[in-house]
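# Examination of the molecular architecture
Chain residues, written in single-letter form:
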Amino acid sequence: ALAIAATHRDGASGPVSAPDAPERRWQLRAGTGIHYDSNPTLDPNQPREDAVFVFSAGGRVDLLRRAGALVRLDYDFYQSLHADEQAFDLRSHRFALSASAQLAAAVWVGLQGGYDHHALAGHAYLQEPWVTPFVTVLEPDVGLTQVWYRHSEQDFLGSPFGKTRDGPSDGVGLNQVLYLGNPNRHLQLGYEYGEDTPHRAAGDDWARRWHEGSIGVELPAWFETTVGVGYAYRHDDYSEPNTFDAQKRERADASHLAHAAVTRAVGDHVHVELGYYGTIAGSNIGLFDYHRHIVGLTVQATY
């Protein structure tokens, strides 16, 4: 939804700044990279580090783009290949259709709908149709505000969850982007509340509510690079006694998530990124404690 908001912000859905060189209605993208992953298995006691090769591809086409309206179709493919922990190779497909319309000079409303499919080690793992309505308020020279709601139906297709965790997932959120002089320098603040509600009693271990607050900043830096850093705190409150715990306590997790990236354009169509992603997850049930740190170099081409 924020990507659609950025399109509105930049004026791509209305008159462009250079009529003799308009933005294309379609885009193709592909990327590859190598990552170091300190704990792909999320093991709380004996993490096994691994090297991971990643590949991505996708594209979009604007089915309708005019002043006051935008309809966009997106597709994204992702594949990770582990050197050792091949049971955690992930392949995903995402299809999304977005439509938005301008209600007033600074107000856009929109609806995104899509379908995600994930496979682990070549075996189907999860499919998830979803829908996200949103409202974006543009604040010239200040930033933008966006409110959104997301509903999905999680359908687990393989181990370890089988049909156990199947059920709806619902979330609402608020994002605030503040320009630090111009849109290329911005601060982003966010809050999200959500619930997972498995259909079956066998999935009670995964029934939860969560709260997440986030902050991030993106700035141009030396040598024509862009630097982005961010932090999020997430609290997961599980509503039922946990069957993995001898004392049958209700599970409560507190997670700290951080990321940092340096990106540089190489020519008109290629970007190189050096990134870090870290998770420190704590729980009142030790089985669910883990630390994970990922450092990666990726190259993406966009045309």
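Everything quoted here is computed from the prediction, not taken from an experiment.

### Describing the pattern of salt bridges
- The full count for this structure, using the stated rule, is 18 salt bridges.
- Between Arg 234 and Glu 212 there is a salt bridge, with its nearest N and O atoms 3.0 Å apart. Separated by 22 residues along the polypeptide, Arg 234 in strand E11 (residues 225-241) and Glu 212 in strand E10 (residues 208-221) bring together distant segments of the chain.
- Residue Asp 245 is joined to Arg 249 by a salt bridge in which the shortest nitrogen-to-oxygen separation is 2.9 Å.
- Judged by relative accessible area, Arg 249 falls into the partly exposed class, the value being 30%.
- Linked through salt bridges whose partners overlap, the residues forming this network are Asp 196, Arg 208, Glu 212, Arg 234 and Asp 236.

### What to know about the packing of aromatic side chains
- Within this structure, the stated rule accounts for seven aromatic pairs.
- Plain terms: the ring middles of Trp 26 and Tyr 303 are 5.7 Å apart, the flat faces sit at 55° to each other, and that makes the pair tilted. Residue Trp 26 is located in strand E1 (residues 26-37), and its partner Tyr 303 is located in the segment after strand E14 (290-302); the two are separated by 277 residues in the primary sequence.
- Accessibility expressed as a relative area gives 46% for Tyr 303, which makes it partly exposed.
- On the numbers, 4.9 Å between centres and 40° between planes, the contact of Tyr 75 with Phe 95 is tilted. In this pair, Tyr 75 is assigned in strand E3 (residues 69-82) and Phe 95 in strand E4 (residues 90-104), connecting sequence segments 20 residues apart.
- On the basis of relative accessibility, which here comes to 27%, the residue Tyr 75 falls in the partly exposed class.

### A few points about the pairing of E4
- One ladder, built from 11 bridges, connects E3 with E4; its direction is antiparallel. Paired with Ala 69 across the bridge in E4 is Ala 101.
- Bridge analysis of E4 against strand E5 (residues 107-120) gives 14 bridges, and the strand direction is antiparallel. Bridge assignment links Leu 90 to a residue of E5, and that residue is Leu 120.
- A loop of two residues connects E4 with E5, the two strands running antiparallel in sequence.

### Examining the confidence of the model for the protein chain
- On average, residues of the protein chain score 92 in pLDDT, and 93% of them reach the 70 mark or higher.
- Every residue in residues 4-22 is under pLDDT 50, and counting partners more than four places away or in other chains gives 32 contacts.

### Some remarks on the side chain of Thr 41
- Here Thr 41 shows up in the loop between E1 and strand E2 (50-66).
- A residue is classified by how much of its surface remains accessible, and Thr 41, at 17% relative accessible area, is buried.
- Excluding residues that lie within four positions of it along the chain, Thr 41 makes contacts with Arg 48, Glu 85 and Phe 88.

### Topic: a nonpolar patch on the surface
- A cluster of nonpolar residues, Ile 34, Tyr 36, Phe 53, Phe 55, Leu 81, Val 262, Leu 274, Val 295 and Leu 297, forms a patch on the protein surface that exposes about 750 Å² of accessible area.
- Of all the elements in the fold, those that place two or more residues in the nonpolar patch are E1, E2 and E14.

### Observations regarding the environment of Trp 130
- Here Trp 130 lies in strand E6 (residues 123-139).
- The spacing of Trp 130 and Asp 116 is 14 residues in sequence and 8.1 Å in space, taken between C-alpha atoms.
- Leaving out residues up to four positions away in the same chain, Trp 130 has contacts with Arg 94, Phe 95, Ala 96, Gln 112, Gly 113, Gly 114, Tyr 115, Asp 116, Arg 150, His 151 and Ser 152.
- At a separation of 3.1 Å, a polar atom in the side chain of Trp 130 contacts the side chain of Asp 116.

### A short note on unusual backbone geometry
- Although it is not a glycine, Glu 224 sits at a positive phi angle of roughly 60°.
- Among the structural elements, Glu 224 can be located in the loop between E10 and E11.
- A positive phi angle, near 55°, is found at Lys 248, a position not held by glycine.
- Mapped onto the secondary structure, Lys 248 falls in the loop between E11 and strand E12 (250-266).

### Let's talk about the nonpolar core
- Residues Tyr 125, Leu 126, Phe 156, Phe 161, Trp 206, Tyr 238, Ile 285 and Phe 288 constitute the largest nonpolar core, which totals eight residues.
- Residue contacts for Phe 288: discarding those within four places in its chain leaves Trp 206, Asn 242, Phe 244, Arg 251, Ala 281 and Ser 283.

Cut-offs applied
Residues numbered from 1 in each chain as written. Predicted model: local features only at pLDDT ≥ 70, side-chain atom pairs only at ≥ 80, totals over all residues. Heavy atoms only, no water. Salt bridge = Lys/Arg side-chain N within 4 Å of Asp/Glu carboxyl O. Helix = DSSP H or I, 4+ residues; strand = E, 2+ residues; numbered from the N terminus. Buried < 20%, exposed > 50% of the residue type's maximum accessible area, 1.4 Å probe, protein only. Phe/Tyr/Trp six-rings, centres within 6.5 Å; stacked < 30°, edge-to-face > 60°. Pairing = 2+ DSSP bridges. pLDDT = per-residue confidence, 0-100. Contact = heavy atoms within 4.5 Å. Patch = residues over 30% accessible without salt bridge, like charges linked within 9 Å, V, L, I, M, F, W, Y side chains within 5 Å. Areas by Shrake-Rupley, 256 points an atom, 1.4 Å probe, with all protein chains shown as cover. Polar contact = N/O pair within 3.5 Å; in protein donor to acceptor, adjacent residues only side chain to side chain. Core = buried A, V, L, I, M, F, W, Y, C linked by side-chain atoms within 4.5 Å.

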